[in-house]
Amino acid sequence: MKLLLVTGLALLSMSSFAQEDLAAHKAKENENFDKRISRLTEAKTCVNAAATKEAFKSCKEALHKDMQAMKEDWKNHKKEHHKKK
């Protein structure tokens, strides 16, 4: 009976931890969505304002550079998260 109670309490606490972990993942994912949306909006404005082919190319290159940096940040976040486990 004690074993059943202890097992039940352990499962309950693990479930609570999993919910907190899920909430943290969702928050980080939504933060990344917002960053990407913001950067894409800036790039769209840049492209629409570009008067020359060079300006257009500059907008695209800046977007690519920023997206690569965001991708690298996400990879580092995932590495750090897996180290904690």
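The paragraphs below set out a description of the structure included in this document. Keep in mind it's a predicted model, so treat the numbers as computed, not measured. (Residues numbered from 1 in each chain as written. Predicted model: local features only at pLDDT ≥ 70, side-chain atom pairs only at ≥ 80, totals over all residues. Heavy atoms only, no water.)

**Looking at the overall build of the protein chain**
On a plain count of helices and strands, the protein chain comes out with two helices and zero strands. Within the protein chain, the fraction of its 85 residues that count as buried is 7%. Carbon and sulfur atoms provide 62% of the accessible area of the protein chain, an area that totals close to 7,400 Å². (Helix = DSSP H or I, 4+ residues; strand = E, 2+ residues; numbered from the N terminus. Buried < 20%, exposed > 50% of the residue type's maximum accessible area, 1.4 Å probe, protein only. Areas by Shrake-Rupley, 256 points an atom, 1.4 Å probe, with all protein chains shown as cover.)

**Structural notes on the state of the cysteines**
For the coordinates displayed, the defined rule picks out one disulfide. Between the sulfur atoms of cysteine 46 and its disulfide partner cysteine 59 the distance amounts to 1.8 Å. Here the S-S torsion is close to -75°, and the disulfide linking cysteine 46 with cysteine 59 is therefore left-handed. Note that cysteine 46 is positioned in helix α1 (residues 2–49) and cysteine 59 in helix α2 (residues 53–84), a separation of 13 residues in sequence. (Disulfide = S-S within 2.5 Å.)

**Looking at the side chain of arginine 39**
Among the secondary structure elements, arginine 39 is positioned in helix α1. On the basis of relative accessibility, which here comes to 11%, the residue arginine 39 falls in the buried class. With residues near it in sequence (within four places) discarded, arginine 39 still touches Ala62, Leu63, Asp66 and Met70. (Contact = heavy atoms within 4.5 Å.)

**A closer look at the pattern of salt bridges**
Under the counting rule described, the total for this entry stands at four salt bridges. Put simply, lysine 28 and glutamate 31 hold a salt bridge, and the shortest N to O gap is 3.8 Å. Residue lysine 28 and its partner glutamate 31 are both found in helix α1; the two are separated by three residues, about one turn of the helix. Residue class for lysine 28 comes out partly exposed when judged on its relative accessible area of 22%. Linking arginine 39 and glutamate 42 is a salt bridge whose minimum nitrogen-to-oxygen distance equals 3.5 Å. (Salt bridge = Lys/Arg side-chain N within 4 Å of Asp/Glu carboxyl O.)

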